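Spelled out, the chains give:
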Amino acid sequence: THDQEEALTMSDRVAIMRKGQIRQVGPPRELYERPADRFVATFFGECTLVPAELLGVASDDEVRVRTLDQDATVRRGGELPERDISLAIRPGRFRLRPSPADLPLPATIVDLLYLGDAVRIIGHHPEVGEILARADPDETRDLAIGQDVVFGFAPRDAVAVGGER
């Protein structure tokens, strides 16, 4: 199937293929939360890709990176053969009220889409490009298109991925 929601709800194991090659195989939750590369991250659900520089390995599951002018330890998705990587962050992981431990990501709001139980916020950052965030409707009442905001995300909510940019 090419329907990600169907794959998430109906499968015990999912294989993501590109150009006839398997990119990642595993339980749906693993592919969503720990994509092996940029292709899997963007194919299997929405995410924002933040450019980062790989500084080193912190453990089997974590790497040290430099991003947004800060150093952080983040989860590792798959093999990272290059220094230029990306951090994949899912829309629900961004916060409109960043905590002091969050990595800040300033943006300008491009669009607000009311979805009932959530609001989809599309932001723009000059180096990152499009930022996809999801927030509670009560948190977004005072937001407007064109407004500057600072999204925040916890380093533990970012996954380092490599692959084609």
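Our subject is the structure listed above.
The following paragraphs examine the structure supplied in this document. (Residues numbered from 1 in each chain as written. Predicted model: local features only at pLDDT ≥ 70, side-chain atom pairs only at ≥ 80, totals over all residues. Heavy atoms only, no water.)

Side note on the overall build of the protein chain
Thinking step 1. Broken down by element type, the protein chain carries three helices and eleven strands.
Thinking step 2. The C-alpha radius of gyration of the protein chain comes to 16 Å, within 12% of the 15 Å expected for a compact globule of 165 residues.
Thinking step 3. In terms of overall dimensions, the protein chain has a C-alpha envelope of 45 × 35 × 25 Å along the principal axes.
Thinking step 4. Expressed as a percentage of the 165 residues in the protein chain, the buried residues total 42%.
Thinking step 5. Considering only contacts in the protein chain between residues 6 or more positions apart, those separated by 24 or more positions represent 58%.
Thinking step 6. Charge separation in the protein chain, taken as the distance between the mean sites of 21 positive and 29 negative side-chain charges, equals 3 Å. (Helix = DSSP H or I, 4+ residues; strand = E, 2+ residues; numbered from the N terminus. Rg over C-alpha atoms; globule rule 2.2 N^0.38 Å. Buried < 20%, exposed > 50% of the residue type's maximum accessible area, 1.4 Å probe, protein only. Contact = heavy atoms within 4.5 Å. Lys, Arg positive; Asp, Glu negative; His and termini not counted. Charge placed at Lys NZ, Arg CZ, Asp CG, Glu CD.)

Focus on the sheet that holds strand β3 (residues 48-57)
Thinking step 1. The five strands are arranged β3-β4-β5-β11-β6 in a closed barrel whose pairing can be described as mixed. Each strand axis lies, on average, 55 degrees off the axis of its neighbour in the sheet, ignoring direction.
Thinking step 2. Summarising the sheet, strand β4 (residues 62-67) and strand β5 (residues 70-76) pair through six bridges and their orientation is antiparallel. Opposite R66, over in β5, you have D71 as the bridge partner. (Pairing = 2+ DSSP bridges. Axes fitted to C-alpha atoms, helices over the stretch in contact; angles between N-to-C directions.)

So, unusual backbone geometry
Thinking step 1. A positive phi is found at K19, a non-glycine position, where the angle reads about 50 degrees.
Thinking step 2. Among the secondary structure elements, K19 is positioned in the loop between β1 (14-18) and β2 (21-26).
Thinking step 3. The backbone of D69 sits at a positive phi, close to 65 degrees, despite the residue not being glycine.
Thinking step 4. Residue placement: D69 occurs in the loop between β4 and β5.
Thinking step 5. A relative accessible area of 68% places D69 in the exposed class.

Some thoughts on the pairing of β5
Thinking step 1. Where β4 folds back on β5, the antiparallel hairpin that results is connected by two residues, among which L68 adopts a positive phi of roughly 50 degrees.
Thinking step 2. As paired elements, β5 and strand β11 (residues 159-161) share two bridges and run parallel to each other. Across the sheet, R75 pairs through a bridge with V159, a residue of β11.

So, the pairing of strand β7 (residues 103-114)
Thinking step 1. Across six bridges, β7 lies against strand β10 (residues 148-153) in antiparallel orientation. Following the sheet pairing, T108 is matched in β10 by D148.
Thinking step 2. Alignment of β7 against strand β8 (residues 119-125), held across six bridges, turns out to be antiparallel. Across the sheet, L112 pairs through a bridge with I121, a residue of β8.
Thinking step 3. Taking the residues that link successive antiparallel strands as the turn, the β7-β8 hairpin has four residues, and the phi of G116 there is positive, at about 95 degrees.

Notes on the nonpolar core
Thinking step 1. If you look at the biggest cluster of nonpolar residues, it comprises 29 residues, and the most contacted ones within it are V65, V74, L87, F94, I121 and F151.
Thinking step 2. When residues of this core are traced back to their parent elements, those giving at least two are β3, β4, β5, β6 (84-89), β7, β8, β9 (129-135) and β10.
Thinking step 3. Ranked by residue count, the leading element in this core is β7, at four residues.
Thinking step 4. Counting seven residues, the second largest nonpolar core, distinct from the first, contains A7, V14, I16 and F39. (Core = buried A, V, L, I, M, F, W, Y, C linked by side-chain atoms within 4.5 Å.)

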